[in-house]
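# Commentary on secondary and tertiary structure
As a plain string of letters, each chain reads:
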Amino acid sequence: MSSNPFRIQNPQPQPQRQPRDLRKVNQQVQAVDLKVQMKMKNIKYKIGVVSGKGGVGKSFVSSNLAMAIAASGRKVGIVDVDFHGPSVPKMLGVRGQMLTADDKGINPVIGPFGIKVVSIDFLLPRDDTPVVWRGAIKHSAIKQFLGDVNWGELDYLIIDMPPGTGDEALSIAQLVPGITGFVIVTIPSEVSTLAVKKSINFARTVNTKILGVVENMSHFVCPSDGKVYYIFGEGKGKKMAEEMGVDLLGQVPLDPSIAEANDAGEPFFLKHPDSPTSKEFLNIADKVIKIVESNQ
Ligand SMILES: Nc1ncnc2c1ncn2[C@@H]1O[C@H](COP(=O)(O)OP(=O)(O)OP(=O)(O)O)[C@@H](O)[C@H]1O
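Let me sum up the structure you'll find in this document. (Residues numbered from 1 in each chain as written. Predicted model: local features only at pLDDT ≥ 70, side-chain atom pairs only at ≥ 80, totals over all residues. Heavy atoms only, no water.)

Our next topic: the overall build of the protein chain. For the protein chain, the helix and strand inventory stands at 11 helices and 12 strands. For the protein chain, the residues scored as buried account for 50% of the 296 residues in total. (Helix = DSSP H or I, 4+ residues; strand = E, 2+ residues; numbered from the N terminus. Buried < 20%, exposed > 50% of the residue type's maximum accessible area, 1.4 Å probe, protein only.)

Now the structure itself:
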């Protein structure tokens with residue numbers, strides 16, 4: 001019997017895989033797309049929201065950070081390049097709307113506070129249609145999302161990136177060389193913070209500033225007695241931020257009303273404006289604004 005239970009045959013012996021040469025990554029980052037560059041010139045600050053692992057609330061943080069920045073009167077756009085799990089439209093309450101086109105390009109969907117939203121979700125024919133794309137197609141889609149959309153003049157473009165440091169992250173680093181920085185989302189578990197360290201090292205490899213870390217699901221406040229529980233452990237995000245020399249921008253609680261609003265397709269920040277979570281997002285937005293605008 002074969003020792004390969006999957007019966008996968010390699011027709012030829014494969015050369016030994018070499019680790020990715022970081023100099024080559026940097027050279028690729030230099031290859032800039034002019035059309036994208038023209039559009040990006042009209043946007044003052046571009047912020048990538050990244051996470052080492054999936055399911056830690058990156059899209060929730062992207063969407064609510066976008067609303068909190070827009071609530072200050074700044075013009076904001078959000079581009080969802082999480083092709084395999086596009087949740088930004090739902091979290092901003094604009095799911096089911098369509099992108100339109102005119103002779104100047106593609107018009108984004110307009111969300112709360114006038115936020116311009118672009119996501120593959122607006123183009124999928126059915127809820128359960130999977131996106132099955134190789135890296136080159138994703139790269140070309142990202143190029144179109146950035147270069148063919150009528151973004152106009154914006155103060156901020158929030159880029160909701162897929163988890164990890166794969167093709168999309170490299171495409172963004174390559175296509176938006178002037179990216180202002182990354183906001184990194186984690187939950188306070190060892191597994192997530194370990195993956196985040198990789199994202200931080202990736203950001204450093206592509207010479208992108210880390211604006212800071214948001215610790216999501218950091219604690220749970222019991223509604224009956226107000227007692228605080230640290231479900232995943234206490235202080236792990238803070239410890240990781242200190243170890244890696246990056247700022248902790250904020251701590252967002254684990255809260256069933258967040259999951260409910262997201263599942264119902266209602267923007268949390270609008271539905272619960274006075275909640276501690278929305279106030280925390282205003283603080284996080286304030287910190288991000290201070291960091292990027294004082295660096296001008
Ligand atoms: N602080 C929170 N409290 C309760 N539920 C949350 C919280 N943050 C996110 N969620 C829920 O967790 C799930 C995952 O969130 P989200 O889609 O934002 O994660 P993600 O990191 O973007 O995932 P992926 O990258 O895999 O697409 C969603 O159902 C969301 O409603």
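The structure having been displayed, the exposition proceeds.
Right, let's talk about the site of the ligand for a bit. Around the ligand, the structure places 20 residues, and the nearest of them are Ser-59, Phe-60, Asn-216, Pro-253 and Asn-262. One of the side-chain N or O atoms of Asp-82 is found 3.1 Å from an oxygen atom in the ligand. Here an oxygen atom of the ligand and a side-chain polar atom of Asn-262 are 2.8 Å apart. Bound to the protein, the ligand loses 80% of the 640 Å² it would expose on its own. Only helix H3 (58-70) and helix H9 (256-264) provide two or more residues apiece to the shell around the ligand. (Near = heavy atom within 4 Å. Polar contact = N/O pair within 3.5 Å; in protein donor to acceptor, adjacent residues only side chain to side chain. Areas by Shrake-Rupley, 256 points an atom, 1.4 Å probe, with all protein chains shown as cover.)

Their axes nearest at 8 Å, the elements helix H2 (residues 34-41) and helix H5 (residues 135-147) cross at an angle of 40°. Two packed elements cross with a definite hand, and for H2 against H5 that hand is left-handed. Where H2 approaches H5, its residues Lys-35, Val-36, Lys-39 and Met-40 are matched on the opposing element by Lys-143, Leu-146 and Gly-147. Here the residues of the contact of H2 with H5 sort into 3 nonpolar, 1 polar and 3 charged. (Axes fitted to C-alpha atoms, helices over the stretch in contact; angles between N-to-C directions. Left-handed = near helix turned anticlockwise from the far one by under 90°. Contact = heavy atoms within 4.5 Å. Nonpolar A, V, L, I, M, F, W, Y, C, P; charged D, E, K, R; others polar.)

So, on to the nonpolar core. In terms of nonpolar packing, the biggest core is built from 83 residues, with Val-79, Leu-146, Trp-151, Leu-157, Ile-158, Ile-172 and Val-183 touching the most fellow members. The greatest single-element share of this core, amounting to 8 residues, is contributed by H3. Sequence-distant contacts of Val-183, defined by excluding residues within four places in its chain, comprise Ile-47, Gly-48, Val-49, Val-50, Leu-65, Leu-211, Gly-212, Val-214, Leu-249 and Val-288. (Core = buried A, V, L, I, M, F, W, Y, C linked by side-chain atoms within 4.5 Å.)

Relative to the helices and strands, Ser-62 is located in helix H3. Look at Ser-62 and you get buried, because its relative accessible area is 0%. Not counting residues up to four positions away in its chain, the partners in contact with Ser-62 are Val-49, Ile-78, Ile-158 and Asp-160.

A few words now on the side chain of Asp-121. Summarising the element assignment, Asp-121 is placed in the loop between strand S6 (116-119) and H5. According to the relative accessible area criterion, Asp-121 is buried, its value standing at 11%. For Asp-121, the side chain forms a polar contact with the side chain of Arg-95, separated by 2.7 Å. Residues contacting Asp-121, with those up to four places away along its chain left out, are Pro-86, Pro-89 and Arg-95.

Counted residue by residue, strand S2 (residues 76-80) has 5 buried out of 5 residues, so it is predominantly covered. Covered by surrounding structure in S2 are Val-76, Ile-78 and Asp-80 together with Gly-77 and Val-79, the residues of both alternating faces. Both S2 and strand S7 (residues 154-160) contribute to a ladder of 5 bridges, which runs parallel. Residue pairing across strands places Ile-78 opposite Ile-158, the latter belonging to S7. In this sheet, S6 lies alongside S2 in parallel orientation, the contact comprising 4 bridges. When the bridges of S6 are listed, Asp-80 appears paired with Ser-119. (Pairing = 2+ DSSP bridges.)

Moving on: the pattern of salt bridges. As enumerated under the stated definition, the model contains 10 salt bridges in all. Linking Arg-95 and Asp-121 is a salt bridge whose minimum nitrogen-to-oxygen distance equals 2.7 Å. With Arg-95 in the loop between helix H4 (88-91) and strand S3 (100-102) and Asp-121 in the loop between S6 and H5, this pair connects stretches of sequence that are 26 residues apart. Classification of Arg-95 by relative accessible area gives partly exposed; the value is 36%. For Glu-266, the salt bridge is made with Lys-271, and the minimal N-O distance between the two is 3.1 Å. On the basis of relative accessible area, Glu-266 is assigned to the partly exposed category, the value being 31%. (Salt bridge = Lys/Arg side-chain N within 4 Å of Asp/Glu carboxyl O.)

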